[in-house]
Amino acid sequence: MATVKRIQFHQYGGPEVMRLEDFEPARPGKGQVLVHVRAAAANPVDWKICNEDMKLMTGRNFPRGLGHDRGHRRGSRSGRHPVAHR
C-alpha cells in the first residue's frame, strides 16, 4: 500500500501539535472501499477532537488525523460488493 501525507496529532492541543506526516492507510477488507481523497478541510468537529473536547466519544488513540470533510473519488475495492457514489 502506498504511503500518503496527512495532518495528524499525537496528543491533544492546538495547532502547535499538528504535523504533516507520512501515513500508510490500511488495506481494504472484504466489502470495504479505499477512497482517494483529493482535498480535506478541517471543520469545527476536527478542532473539538484535537482540543480534547470530544475525548469521551473519540478515545485516546493516537496518532489521529484531521480532515473529516473530504472531496474524493472512488478508489480500489475488495470483494464483490457494489459501491454507490454521488
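Residues numbered from 1 in each chain as written. Predicted model: local features only at pLDDT ≥ 70, side-chain atom pairs only at ≥ 80, totals over all residues. Heavy atoms only, no water.

Some words on the pairing of strand S1 (residues 4-9)
Here S1 pairs with strand S2 (residues 18-23) via six bridges, running antiparallel. When the sheet's bridge partners are listed, Lys 5 is paired in S2 with Asp 22. (Pairing = 2+ DSSP bridges. Helix = DSSP H or I, 4+ residues; strand = E, 2+ residues; numbered from the N terminus.)

Some remarks on the environment of Gly 67
Position of Gly 67 among the secondary structure elements: in the loop between strand S4 (64-65) and strand S5 (69-77). Sequence spacing of Gly 67 and Gln 8 is 59 residues, and the spatial spacing of their C-alpha atoms is 9.3 Å. Residue contacts for Gly 67: discarding those within four places in its chain leaves Ala 40, Ala 41 and Asp 46. (Contact = heavy atoms within 4.5 Å.)

Notes on the packing of aromatic side chains
Under the criterion given, the structure shown has two aromatic pairs. Their ring planes at 65 degrees and their centres at 6.0 Å tell us that Phe 9 and Phe 62 sit as a pair that is edge-to-face. With Phe 9 in strand S1 and Phe 62 in the loop between helix H2 (55-58) and S4, this residue pair connects regions lying 53 residues apart in the sequence. Of the residues examined, Phe 62 reaches a relative accessible area of 31% and is grouped as partly exposed. Look at Tyr 12 and Phe 62: their rings are 5.0 Å apart centre to centre, the planes differ by 75 degrees, and that puts the pair in the edge-to-face class. Taken together, the residues Tyr 12 in the loop between S1 and S2 and Phe 62 in the loop between H2 and S4 connect sequence positions 50 residues apart. Counting every residue linked through ring pairs, the aromatic cluster contains Phe 9, Tyr 12 and Phe 62. Positioned above the aromatic ring of Phe 23, the side-chain terminus of Arg 6 is 3.7 Å from the ring centre. (Phe/Tyr/Trp six-rings, centres within 6.5 Å; stacked < 30°, edge-to-face > 60°. Buried < 20%, exposed > 50% of the residue type's maximum accessible area, 1.4 Å probe, protein only. Lys NZ or Arg CZ within 6 Å of the ring centre and 35° of its normal.)

Re unusual backbone geometry
Here the residue pair Phe 62 and Pro 63 is connected by a cis peptide bond, since its omega of 0 degrees sits within 30 degrees of zero. Positive phi values are uncommon outside glycine, yet Glu 52 reaches one of about 80 degrees. Here Glu 52 lies in the loop between helix H1 (44-50) and H2. Overall, Glu 52 belongs to the partly exposed group, its relative accessible area being 35%.

With respect to the sheet that holds S2
Sheets are built from strands paired through backbone hydrogen bonds, the pairs being either parallel or antiparallel. Reading across from one edge, S2-S1-S4 is the order of the three strands in this open sheet, with antiparallel pairing throughout. With one partner strand each, in any of the chains shown, S2 and S4 form the two edges of the open sheet. Taken together, the two bridges between S1 and S4 define a ladder with antiparallel strand orientation. When the sheet's bridge partners are listed, Gln 8 is paired in S4 with Gly 65.

Just distances and angles here, no functional claims.
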